[in-house]
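The residues making up each chain are set out below.
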Amino acid sequence: MKNKIYFSVLIIAFFSINLCFATNNSINVYSWGEFISNGSDGNMNVNEEFTSLTGIKVNYKTFQNNEELYAKISSGGADYDVIIPSDYMVSKLISKGLLAKLNFDNIPNYSLISDEFKNLEFDPTNSYSVPYMWGLIGIFYNKKEVKVPESDITWDILWDSKYKNKILMFDNARDSFAISLLRLGYSINSKDKDCWRKAADELIKQKPLVQAYVMDQIFDKIGNEEAVLAPYYAGDAAIVLKNNSNIGFVIPKNGTNKFVDSMCIAKNSKRKAEAEKYINFMCSTSVALANVKQTGYSTPQREVYELLSDDIKNNKIFYPDDETLKNAQIFVNLPENVNKFMDELWIEVKSGGKTGNSWLLVVILFVFVIMYLLVVLYKKKKMTEK
C-alpha cells in the first residue's frame, strides 16, 4: 500500500513539474502576418533565437486586423501573452482594462526607442506599450495601367471608374473610413457623425468599382497583377516592389495615416516576466534590425535606424520628409458611440448601402407573408376536413 501511495505521489509530482515547466517555458505571441524575421532570405529566425537564448518556446499566431485581435482578447477565452496592436487599439484595450502595466526594469532596451515615439496620445504615460514598427498608408499602383504622374496620385484615384473591378480596398472599417475621410478633408479621428455619414456614402459609391476587400491577400493580388490599385501599409511596399518592377507605391500628398504598432502584454497573461523578456529581446539592436530588414517596416529604434543604408534612410516611402509627416495623422481611440456608428456604417458599405438593405427587408417580408398565408390555408383545410 505504501509503495502504491509513493508511486502515486511521484506521478502527481511529475505531472505538476511538467505543467509548471510548460507554463513558464513558453509564451503565446499574437501579431500581424508578415511582421517578423522568420529566417527566410538568410535573415535571423527571431523566435528560434529567443528560444535558443532563454529556453522559452514561442507559440506565434497571426491576425489580419485590429478588430480580429480585439475580439479574441475581449472574449476572455484567449491565452495570449505578447500582443501587437496598432495605436488606437492600444488605447481601446487600455480603456477596457485588457492590458497589463509593464515593468520597465525588465525591459532595459526600451531606452533604445527614439523619444519621438514616446508619450504618444494612445499611451501618454508609456505604461502599457513599447513601439515595434511604424509607417504610413499609401497606394500600390500598376505602372503599366496607371499613367498618371506619381506626384498627381491622390486618394481620388480609388474612385476612378476607369479602374472598375481592378481596385482593392482594406477589409477593415477603420482603414477604409480613414481614406474616405481624408479624401473629403476631414480628420480620421472625427467625432462628427455627419462626417462619418458622408465618408460612408462615398465608400458606398466606390463599392461597384471594388474587386475585393482584402488584407494579407494584397501580396498575391497586387504582386501577380490581378489588380491595379490598392491602399496598404508602406512597409509591405518593400516586399511587393522587390518582386515586381511593374508595381509602384506612392503616399498621397493630401494626407495619410501614420500608424504605430506596439508590443503589449495581455492583462490575463500568466507569464508576464517571460513576456517582458521577449519584448526586451525584440528591442535589442540585432533583433530589431533583422525584423526591419525582412519586413520592410520603419523602425522606432535609434541604433537600428543609424545602421540602415543611406538609400533606405533617404527613401521617402519608409522615412518620409517633414512635409509628408506633417500631413499624417495617428489614429486615436474613438468614443464608444462613434465606434458603434462606424461599425453600423461599415455593414451598410459592405452590403451596398441602404437600398440594398431595403430590398433584403422586402424579400424577407414577402417570404414571411407567403409562409403566413400557407399556414392559414392549411388550418382552414384541416377545419373543413373535420
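In case you missed it, the structure is sitting above this.
Residues numbered from 1 in each chain as written. Predicted model: local features only at pLDDT ≥ 70, side-chain atom pairs only at ≥ 80, totals over all residues. Heavy atoms only, no water.

## Some details on the overall build of the protein chain
Inclusion rule: For helices the rule is a DSSP run of H or I covering at least 4 residues; for strands it is a run of E covering at least 2, with both sets numbered from the N terminus onward. For every residue, the accessible area (1.4 Å probe, protein chains only) is compared with the maximum for its type, and the residue is labelled buried under 20%, exposed over 50%, or partly exposed between those bounds. Note on contacts: a residue pair qualifies if any of its non-hydrogen atoms lie within 4.5 Å across the two residues. The Shrake-Rupley method, run with a 1.4 Å probe sphere, supplies the accessible areas, and residue values consider only the shown protein chains as cover.
Of the regular secondary structure elements, the protein chain holds 15 helices and ten strands. Put simply, the protein chain has 386 residues, and 49% of those count as buried. Expressed as a percentage of contacts within the protein chain between residues at least 6 apart in sequence, the contacts between residues at least 24 apart total 74%. For the protein chain, the computed accessible surface area is about 19,300 Å², with 56% contributed by carbon and sulfur atoms.

## Considering the nonpolar core
Keep this limit in mind: In plain words, nonpolar cores are sets of buried Ala, Val, Leu, Ile, Met, Phe, Trp, Tyr and Cys residues tied together by side-chain atoms within 4.5 Å.
The biggest cluster of nonpolar side chains holds 119 residues, and the ones touching the most others in it are Leu158, Phe177 and Leu229. With nine residues, strand S4 (residues 130-142) is the largest single contributor of residues to this core. Apart from the residues within four sequence positions on either side, phenylalanine 177 is in contact with Trp196, Ala199, Ala200, Leu203, Met342, Leu345, Trp346 and Val349.

## So, the pairing of strand S2 (residues 57-63)
In the case of a regular strand, side chains alternate between the two sheet surfaces. Counted only if it meets this: In short, DSSP must find at least two bridges between two strands for them to pair. Here a crossover is taken to be right-handed if, once the strands point away from the viewer, the path from the first strand over the helix to the second is traced clockwise.
In the sheet, strand S1 (residues 26-32) pairs with S2 via seven bridges, with the strands oriented parallel. Within S2, the position partnered with tyrosine 30 by the bridge is lysine 61. A crossover links S1 with its parallel partner S2, the connecting element being helix H2 (residues 46-54), and its sense is right-handed.

## Digging into unusual backbone geometry
Positive phi is not limited to glycine here, since aspartate 41 has a value of about 60 degrees. As for its position among the elements, aspartate 41 is in the loop between S1 and H2. On the basis of relative accessible area, aspartate 41 is assigned to the exposed category, the value being 63%. You will see that asparagine 126, though not glycine, has its phi angle at about 55 degrees, which is positive. The class of asparagine 126 is buried, set by a relative accessible area of 12%.

## Concerning the pattern of salt bridges
Quick reminder of the rule: Salt bridges are identified by distance alone: a Lys or Arg side-chain nitrogen within 4 Å of an Asp or Glu carboxyl oxygen.
Summed over all chains, the structure comprises 16 salt bridges. The shortest N-O distance in the salt bridge between lysine 96 and glutamate 336 comes to 3.2 Å. Taken together, the positions of lysine 96 in the loop between helix H4 (87-95) and S4 and glutamate 336 in helix H14 (residues 336-350) put the pair 240 residues apart, joining distant regions of the chain. With a shortest N-O distance of 3.9 Å, lysine 118 and aspartate 115 are connected by a salt bridge. For lysine 118, a relative accessible area of 17% puts it in the buried group. In this structure aspartate 115 comes out as exposed when scored by relative accessible area, which is 62%. Via salt bridges that share partners, Asp156, Arg183, Glu202 and Lys205 belong to a single interconnected network.

## Here's the deal with empty space enclosed by the protein
One way to see where empty space is left: roll a probe the size of a water molecule over the atoms. So the rule is basically this: Cavities and pockets were defined on a 1 Å grid built from protein atoms only: a cavity is a group of points that admits a 1.4 Å probe but offers it no way out, a pocket is an open group of points flanked by protein on both sides within 12 Å along at least five of seven lines, and a lining residue is one with an atom within 4 Å of any such point. Grid points are joined across faces, edges and corners, and a volume is the space filled by probe spheres set on the points. Throughout, the ten residues Ala, Val, Leu, Ile, Met, Phe, Trp, Tyr, Cys and Pro are labelled nonpolar, Asp, Glu, Lys and Arg are labelled charged, and all others, Gly among them, are labelled polar.
As enumerated under the stated definition, the model contains three cavities of 30 Å³ or more in all. Within this model, the largest cavity holds a volume of roughly 200 Å³. Around the largest cavity, the lining comprises 22 residues; the ones closest to its centre are Trp32, Ser86, Tyr233, Asp261 and Tyr297. No other element matches strand S9 (residues 256-265), which puts three residues into the lining of the largest cavity. Taken together, the residues that form the lining of the largest cavity break down as nine nonpolar, six polar and seven charged. Taken as a whole, the second largest cavity encloses approximately 70 Å³ of empty space. For the second largest cavity, the lining is made up of 13 residues, of which Pro131, Tyr132, Met282, Cys283 and Ala288 are closest to its centre. Elements supplying a minimum of two residues to the lining of the second largest cavity: S4, helix H9 (272-283) and helix H10 (285-295).

## Focus: the side chain of threonine 295
Selection criterion: Any pair of N or O atoms that falls within 3.5 Å is considered a polar contact. Within protein, one atom must be able to donate a hydrogen and the other to accept it, and sequence-neighbouring residues count only if both atoms are side-chain atoms.
Of note, threonine 295 is situated in helix H10. One polar contact links the side chain of threonine 295 to the main-chain carbonyl oxygen of asparagine 291, over a distance of 2.7 Å. Engagement of the side chain of threonine 295 in a polar contact is seen with the backbone nitrogen of tyrosine 297, the distance being 3.3 Å.

## Some thoughts on the packing of H9 against H10
What counts here: Only the stretch in contact is used when fitting a helix axis, every axis being a line fitted to C-alpha atoms; angles between N-to-C directions are given from 0 to 180 degrees. Between 65 and 115 degrees an angle is taken as roughly perpendicular, under 35 as roughly parallel, over 145 as roughly antiparallel, and anywhere else as oblique.
Between H9 and H10, the shortest axis-to-axis distance is 5 Å and the interhelical angle comes to 70 degrees. Taken together, the axis directions place H9 and H10 in an arrangement best described as roughly perpendicular. Listed contacts from H10 to Phe281, Met282 and Cys283 of H9 are Thr285, Val287, Ala288 and Asn291. Here the residues of the contact of H9 with H10 sort into five nonpolar, two polar and no charged.

## Observations concerning the environment of tyrosine 88
For tyrosine 88, the position within the fold is in helix H4. Leaving out residues up to four positions away in the same chain, tyrosine 88 has contacts with Asn66, Glu67, Arg174, Phe331, Val332 and Asn333. A polar contact of 2.7 Å, which involves the side chain of tyrosine 88, links it to the side chain of glutamate 67.

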